[in-house]
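# What the coordinates show
One letter stands for each residue in the lines below.
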Amino acid sequence: MNLFERLYDEQENVKVQFIGFTTDDVRYDFGIVYTNMFFGKPLVVCMQTGRSALLCADDVRNVDHIQKVFHIRSAKEAEDLATFFEKTLPTMPLEPQY
């Protein structure tokens with residue numbers, strides 16, 4: 001009896017970018033994993049909390065989403081972070097994924 005049905009098992013050499021920066025009030029340390037998996041969206045990992053999300057520049061326009069995903073205290077902090085990500089993360093081409 002097989003307990004697990006493997007859905008995928010892929011290996012890939014990826015580019016990882018580590019970025020540390022500060023705003024007026026907060027320090028951030030992120031790892032950004034650029035991969036072909038997940039429809040090409042980078043995996044953004046907060047190195048301080050371990051929270052992560054698949055994000056592209058289009059996704060970060062939703063400041064509420066950024067605030068919830070990374071548990072940001074204030075709307076201003078979330079806006080600052082969204083502005084940074086919008087300049088750093090790639091935009092995704094509009095094409096069918098399946």
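A few points on the structure. Sequence order as written defines residue numbering, which begins from 1 separately in each chain. Under the rules for a predicted model, residues below a pLDDT of 70 receive no local features and side-chain atom pairs below 80 are neither given nor counted, while totals for whole chains, interfaces and linings still include all residues. Computation of side-chain values covers all heavy atoms of the structure but excludes hydrogens and water.

### Side note on the environment of Gln-11
We count it as follows: Numbered from the N terminus, helices here are DSSP runs of H or I no shorter than four residues, and strands are runs of E no shorter than two.
Inspection of the secondary structure puts Gln-11 in the segment before β1 (15-22). Separated by 26 residues in sequence, Gln-11 and Met-37 place their C-alpha atoms 9.9 Å apart.

### A word on the pairing of β1
In plain terms, the rule: Any two strands between which DSSP finds at least two bridges are classified as paired.
Bridging between β1 and strand β2 (residues 27-34) involves eight bridges; their strand directions are antiparallel. Of the residues in β2, the one forming a bridge with Gln-17 is Ile-32.

### Things to note about helix α2 (residues 75-88)
Under the convention used in this document: A helix is expected to reach a length of 1.5 Å times the quantity of its residues less one. Here the term buried applies to any residue with accessible area under 20% of the maximum for its type, exposed to any over 50%, and partly exposed to those in between, with areas from a 1.4 Å probe on protein chains only. Our arc is simply the arc of the directions from the helix axis toward the C-beta atoms. In what follows, a contact means two residues having at least one pair of non-hydrogen atoms within 4.5 Å.
Here α2 is 14 residues long and its end C-alpha atoms lie 20 Å apart, about the 20 Å a rise of 1.5 Å per residue gives. All of the buried residues in α2 are Glu-77, Ala-78, Leu-81, Ala-82, Phe-84 and Phe-85. All buried residues of α2 fall inside an arc of 165° around its axis, so they share one side. Residues of α2 that are buried in the fold lie against β1, β2, β3 (43-46) and α1 (63-69).

### Digging into the environment of Leu-43
On the secondary structure map, Leu-43 appears in strand β3. For Leu-43, a relative accessible area of 27% gives the class partly exposed. Distance from Leu-43 to Thr-22, taken between C-alpha atoms, is 21 Å for residues 21 residues apart in sequence. Excluding its chain neighbours within four sequence positions, the residues that come into contact with Leu-43 are Gly-31, Ile-32, Val-33, Ser-52, Ala-53 and Leu-54.

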